[in-house]
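Observations on chain architecture
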Amino acid sequence: MKKIILIAIVLITITNAKAQKVYSVNSEYKADVKVYVVSSDYQADLLVYKVSSDYKAGENDGKWFFTDSDYKSDKKIFFVKSEYQADLKIYFVNSDYKAGWKNKSKIHLMY
């Protein structure tokens with residue numbers, strides 16, 4: 001019985017791990033992830049496409065919806081001014097099919 005409960009908890013946690021509804025905070029200490037926007041896609045860890053509705057937000061695949069309040073978000077991000085300050089480097093793309101991870105070693109940051 002304990003194994004079934006443990007498996008159920010793990011499955012629920014995995015299925016709820018979307019983290020693609022983001023909120024941009026105004027202070028570094030409030031952020032879950034510090035983000036830097038690079039000038040070229042080859043420099044990025046993640047290619048991000050901004051979707052127009054929250055239901056279009058992906059499951060850690062680079063399709064982000066920016067919420068209007070922090071309690072609606074899965075992750076709070078702060079845009080830093082220098083690349084060395086960032087946990088994650090992103091590049092905004094203009095098509096949803098281009099979105100995705102280029103550096104999978106950083107995928108854990110958005111779970």
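That block above? That's the structure.
What counts, and where the lines are drawn
Residues numbered from 1 in each chain as written. Predicted model: local features only at pLDDT ≥ 70, side-chain atom pairs only at ≥ 80, totals over all residues. Heavy atoms only, no water. Helix = DSSP H or I, 4+ residues; strand = E, 2+ residues; numbered from the N terminus. Buried < 20%, exposed > 50% of the residue type's maximum accessible area, 1.4 Å probe, protein only. Contact = heavy atoms within 4.5 Å. Areas by Shrake-Rupley, 256 points an atom, 1.4 Å probe, with all protein chains shown as cover. Pairing = 2+ DSSP bridges. Salt bridge = Lys/Arg side-chain N within 4 Å of Asp/Glu carboxyl O. Polar contact = N/O pair within 3.5 Å; in protein donor to acceptor, adjacent residues only side chain to side chain. Phe/Tyr/Trp six-rings, centres within 6.5 Å; stacked < 30°, edge-to-face > 60°. Lys NZ or Arg CZ within 6 Å of the ring centre and 35° of its normal.

1. As for the overall build of the protein chain
Within the protein chain, the regular secondary structure consists of 1 helix and 7 strands. N-terminal to C-terminal, the α/β element order of the protein chain is α-β-β-β-β-β-β-β. When burial is assessed residue by residue, the protein chain has 35% of its 111 residues classed as buried. Pairs at least 24 residues apart make up 78% of the contacts formed inside the protein chain by residues separated by at least 6 positions. Accessible surface, the protein chain as shown: approximately 7200 Å² in total, 52% of it carbon and sulfur.

2. Thoughts on the pairing of strand 6 (residues 88-92)
In the sheet, strand 2 (residues 33-37) pairs with strand 6 via 3 bridges, with the strands oriented parallel. Note that in strand 6 the partner of V35 across the bridge is L88. In the sheet, strand 3 (residues 46-50) pairs with strand 6 via 3 bridges, with the strands oriented parallel. Within the sheet, the bridge partner assigned to L46 lies in strand 6 and is I90.

3. Some words on the pattern of salt bridges
Within the structure shown, the criterion is met by 4 salt bridges. Among the salt bridges present, the one from K106 reaches D45, with a minimum N-O distance of 3.5 Å. Taken together, the positions of K106 in the segment after strand 7 (100-101) and D45 in the loop between strand 2 and strand 3 put the pair 61 residues apart, joining distant regions of the chain.

4. Overview of unusual backbone geometry
Here the phi dihedral of N60 falls at roughly 60°; this positive angle occurs in a residue that is not glycine. Position of N60 relative to the elements: it lies in the loop between strand 3 and strand 4 (63-66). On the basis of relative accessibility, which here comes to 4%, the residue N60 falls in the buried class.

5. Quick look at the environment of N60
Separated by 39 residues in sequence, N60 and K21 have C-alpha atoms that sit 9.6 Å apart. Of note is the side chain of N60, whose polar atom sits 3.3 Å from the side chain of Q20. Within the structure, the side chain of N60 is placed 3.2 Å from the backbone oxygen of I107, a separation counted as a polar contact.

6. Considerations on the packing of aromatic side chains
Enumeration over the complete set of coordinates arrives at 1 aromatic pair. For the ring pair W64 and F66, a centre distance of 6.0 Å and an interplane angle of 65° mean the geometry is edge-to-face. W64 sits in the buried class, given a relative accessible area of 0%. For F66, a relative accessible area of 26% corresponds to the partly exposed category. The ring of F92 is capped by K50, whose NZ or CZ atom sits 5.3 Å from the centre of that ring.

Without other data, these values stay purely geometric and don't point to any function.
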